[in-house]
Amino acid sequence: MTGLVSVERIQAYLRRSAYDRYDAVCAPPFTLFFHPTDAFPHFNYAIPDEPVTGNLQPALARLKAEFATHGRQPRFEFIEAFAPQLAGELQQAGFVEEGRQHLMVCTPESYTPAPALADLRVIPLNADSPLADGQGFLMTQRLGFDPEHAQPPTEDEARAFLQEARGLVSFLGRWQGEAASAATYTQPHDGVTEIVGVATIPALRRRGIATALTSVAVAAAFAQGADVACLTAGDASAGRVYERIGFRPYATMLAYNTPTA
């Protein structure tokens, strides 16, 4: 699989996709991406422009200053194999490893559609979708990722989500009518798309719902012209869910940040 899909192609896609969603600042040899309104760390990060080598400390000092100007925590997200020397330079500059995730890829040749679930209704979302579906999608993601702090989304939040997708195509899964699962794919570029935000509410996990919804998202992306779908799984166990529909282990995605006081 890795021989058929180059690391450079996937990293270039992730950089291009970030351009669709965030404000970009060029700071060679990096590009910095900032959410225009939200300081949440995962919405603000830098990506290397090339397989960087040599002494990067002056460039990293400039990068930290730019993040400070924007009121954001300095962060990086990148494929380890694309820039194998970067992690060491980041550690030298005071960055710490925030996480490492399993990057996986799927192609039309490896894709295996998930079996249909009789109790699952998959709803594509767009600007004309009912606010109740927008609220259901947002609440599903909140419960899926942070159930202890999940707050019901307002109609205004749902309206903003549906109107301001910024290159994302989202799906809501309703299980026996209840909002149960969510998944999104990003606008394909150079034939590559990313599956993001896959979540299922805790009470309905282990029923194959997330796998089924991811399968629908992948099929829709391939129908739109993508020939590679990628995603990140938190660990090997989570990755096995996606292996059922044809995703294969590909590389390691690294995240680094500077600790906050």
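Residues numbered from 1 in each chain as written. Predicted model: local features only at pLDDT ≥ 70, side-chain atom pairs only at ≥ 80, totals over all residues. Heavy atoms only, no water.

### Some details on the overall build of the protein
- Per the secondary structure count, the protein includes seven helices and 11 strands.
- In summary, the protein has a C-alpha radius of gyration of 19 Å against a globular reference of 18 Å for 261 residues, a match within 12%.
- Overall size of the protein, expressed as C-alpha extent along the three principal axes, is 55 × 45 × 30 Å.
- Scored against the burial criterion, the 261 residues of the protein give a buried share of 48%.
- Restricting the contact set of the protein to residue pairs at least 6 apart, pairs at least 24 apart contribute 71%.
- Carbon and sulfur atoms provide 51% of the accessible area of the protein, an area that totals close to 12300 Å².
- In the protein, the 20 positive side-chain charges and the 28 negative ones have mean positions that sit 3 Å from each other. (Helix = DSSP H or I, 4+ residues; strand = E, 2+ residues; numbered from the N terminus. Rg over C-alpha atoms; globule rule 2.2 N^0.38 Å. Buried < 20%, exposed > 50% of the residue type's maximum accessible area, 1.4 Å probe, protein only. Contact = heavy atoms within 4.5 Å. Areas by Shrake-Rupley, 256 points an atom, 1.4 Å probe, with all protein chains shown as cover. Lys, Arg positive; Asp, Glu negative; His and termini not counted. Charge placed at Lys NZ, Arg CZ, Asp CG, Glu CD.)

### Let's talk about the packing of aromatic side chains
- Counted according to the given criterion, the structure contains 13 aromatic pairs.
- Of the aromatic side chains, those joined through ring pairs into one cluster are Tyr-19, Tyr-22, Phe-33, Phe-40, Phe-43 and Tyr-45. (Phe/Tyr/Trp six-rings, centres within 6.5 Å; stacked < 30°, edge-to-face > 60°.)

### Structural notes on the environment of Met-139
- One can find Met-139 in helix H4 (residues 131-145).
- With 40 residues separating them along the chain, Met-139 and Ala-179 place their C-alpha atoms 8.2 Å apart.
- Sequence-distant contacts of Met-139, that is, excluding residues within four places in its chain, are made with Ala-150, Gln-151, Pro-152 and Pro-153.

### Examining unusual backbone geometry
- With an omega dihedral of 5°, the bond running from Pro-28 to Pro-29 counts as a cis peptide bond.
- We note that Asp-190 has phi near 50°; this positive angle belongs to a residue other than glycine.
- With respect to the element layout, Asp-190 can be found in the loop between strand E8 (178-186) and strand E9 (192-200).
- For Asp-190, a relative accessible area of 65% corresponds to the exposed category.

### Concerning the side chain of Arg-21
- Mapped onto the elements of the fold, Arg-21 is located in helix H1 (residues 7-21).
- Although buried, Arg-21 forms no salt bridge, and the nearest oppositely charged side chain, Glu-194, lies 4.4 Å from it.
- In this view, Arg-21 contacts Tyr-45, Arg-166, Leu-168 and Glu-194; residues no more than four positions away in its chain are not counted. (Salt bridge = Lys/Arg side-chain N within 4 Å of Asp/Glu carboxyl O.)

### A closer look at the nonpolar core
- Counting 36 residues, the largest nonpolar core has Ile-10, Phe-30, Phe-76, Ile-79 and Leu-86 as the members making the most contacts within it.
- Residue assignment for this core shows that the elements contributing at least two residues are H1, strand E2 (30-34), helix H2 (57-69), strand E4 (75-79), helix H3 (86-92), strand E5 (96-106), strand E10 (228-233) and strand E11 (248-257).
- In terms of residue count, the dominant contributor to this core is E11 (five residues).
- Residues in contact with Ile-79, not counting those within four places in the same chain, are Val-7, Ile-10, Gln-11, Leu-14, Leu-103, Ala-251, Thr-252 and Met-253.
- In terms of nonpolar packing, the next biggest core, distinct from the first, is built from 21 residues, Ala-221, Leu-231, Ala-233 and Phe-247 among them. (Core = buried A, V, L, I, M, F, W, Y, C linked by side-chain atoms within 4.5 Å.)

### Quick look at the pattern of salt bridges
- Within the structure shown, the criterion is met by 11 salt bridges.
- Measuring nitrogen to oxygen at the nearest pair gives 3.5 Å for the salt bridge that ties Glu-157 to Arg-142. With Glu-157 in helix H5 (residues 155-163) and Arg-142 in helix H4, this pair connects stretches of sequence that are 15 residues apart.
- Of the residues examined, Glu-157 reaches a relative accessible area of 35% and is grouped as partly exposed.
- By relative accessible area, which is 26% here, Arg-142 ends up partly exposed.
- One network of salt bridges, with partners in common, ties together Arg-9, Asp-190 and Asp-227.

Without other data, these values stay purely geometric and don't point to any function.
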